[in-house]
Amino acid sequence: MLDMDSKETTFNVQLDPKAILDKNFKKVMRGDDPDEVDEFLDQIIKDYENYNAELDRQSEENARLRSRVDELTKQLSVSKNVAAATPQQPNATATNYDILKRLSNLERHVFGSKLSDGGQSTHDDQSGIDQY
């Protein structure tokens with residue numbers, strides 16, 4: 001029986017290989033050849049064993065893949081959190097322009113008219129600082 005609503009697949013198998021092997025039939029006068037029946041049942045047992053081995057392999061693969069999906073989902077979540085917490089890099093050109101503009105404004109404020117006349121002052125320097 002396959003349950004489609006749940007994530008787990010369940011099978012209701014009534015006969016396993018051992019039950020098939022141990023099955024005894026009544027002997028009748030005009031029945032089937034017992035050797036032929038036994039040979040056919042041996043083939044069925046092999047098929048059941050192969051089926052069970054494949055089912056086990058698929059279950060293990062399914063568990064491994066689910067674990068990998070969970071791991072990758074956690075990594076993606078962490079990456080999104082890191083990306084959200086990391087400040088975006090400002091545009092380098094705009095930043096350099098802003099720095100140069102601020103530097104120019106500071107120089108004008110500190111040095112005043114000395115910058116506008118090329119460093120040569122028309123009035124006497126009374127600050128006491130040696131000019132080079």
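Keep in mind that what you see is a predicted model, and the values were worked out from it rather than measured. (Residues numbered from 1 in each chain as written. Predicted model: local features only at pLDDT ≥ 70, side-chain atom pairs only at ≥ 80, totals over all residues. Heavy atoms only, no water.)

S.K.: Before we go on, may I ask you to explain the overall build of the chain in this structure?
M.R.: Helix and strand counts for the chain stand at four helices and zero strands. Mapped in sequence order, the helices and strands of the chain form the string α-α-α-α. In the chain, which comprises 132 residues, the share counted as buried stands at 3%. In the structure as shown, the chain presents an accessible area of about 12800 Å², 53% of it carried by carbon and sulfur atoms. (Helix = DSSP H or I, 4+ residues; strand = E, 2+ residues; numbered from the N terminus. Buried < 20%, exposed > 50% of the residue type's maximum accessible area, 1.4 Å probe, protein only. Areas by Shrake-Rupley, 256 points an atom, 1.4 Å probe, with all protein chains shown as cover.)

S.K.: Which parts of the structure should I look at to understand the UniProt feature "coiled-coil region" (unreviewed entry) in the chain?
M.R.: The UniProt record marks residues 41-75 with the feature "coiled-coil region" (unreviewed entry), using the residue numbering of this structure. Secondary structure content for residues 41-75 is 100% helix and 0% strand, while the C-alpha to C-alpha distance between its ends is 51 Å. (UniProt positions renumbered as here; feature names shortened; annotations may be inferred.)

S.K.: Help me understand a negative patch on the surface in this model?
M.R.: Negative charge collects at one region of the surface, where D32, D33, D35, E36, D38, E39 and D42 lie side by side. If you trace the backbone, E36 turns up in helix 2 (residues 34-85). On the basis of relative accessible area, E36 is assigned to the exposed category, the value being 57%. (Patch = residues over 30% accessible without salt bridge, like charges linked within 9 Å, V, L, I, M, F, W, Y side chains within 5 Å. Salt bridge = Lys/Arg side-chain N within 4 Å of Asp/Glu carboxyl O. Lys, Arg positive; Asp, Glu negative; His and termini not counted. Charge placed at Lys NZ, Arg CZ, Asp CG, Glu CD.)

S.K.: I would appreciate a short explanation of the pattern of salt bridges in the present structure.
M.R.: Here the idea is simple: oppositely charged side chains can pair when their charged atoms come close. Taken as a whole and judged by the stated rule, the model has four salt bridges. With a shortest N-O distance of 3.0 Å, D22 and K18 are connected by a salt bridge. Here the residue D22 and the residue K18 both occupy positions in helix 1 (residues 17-22), the gap between them amounting to four residues, near one helical turn. Classification of D22 by relative accessible area gives partly exposed; the value is 45%. Residues R68 and E71 are paired through a salt bridge, measuring 2.9 Å at the closest nitrogen-oxygen approach. With R68 and E71 both in helix 2 and three residues apart, the pair spans about one turn of that helix. For R68, a relative accessible area of 40% translates into the label partly exposed.

S.K.: Hey, could you run me through the confidence of the model for the chain in this one?
M.R.: Predicted coordinates in areas of low pLDDT are best not read in detail. Taken residue by residue, the chain gives an average pLDDT of 77. The fraction at 70 or more is 71%. The secondary structure element of the chain with the lowest average pLDDT is helix 4 (residues 113-116), at 64, and the one with the highest is helix 2, at 91. Low pLDDT (under 50) marks residues 1-6, which in the prediction has seven contacts with non-local residues, meaning those over four places away or in another chain. In the predicted structure, residues 124-128 sits below a pLDDT of 50 and forms two contacts with residues beyond four places in sequence or in another chain. (pLDDT = per-residue confidence, 0-100. Contact = heavy atoms within 4.5 Å.)

S.K.: Is there a simple way to think about the environment of D38 in this case?
M.R.: Within the fold, D38 resides in helix 2. D38 sits in the partly exposed class, given a relative accessible area of 42%.

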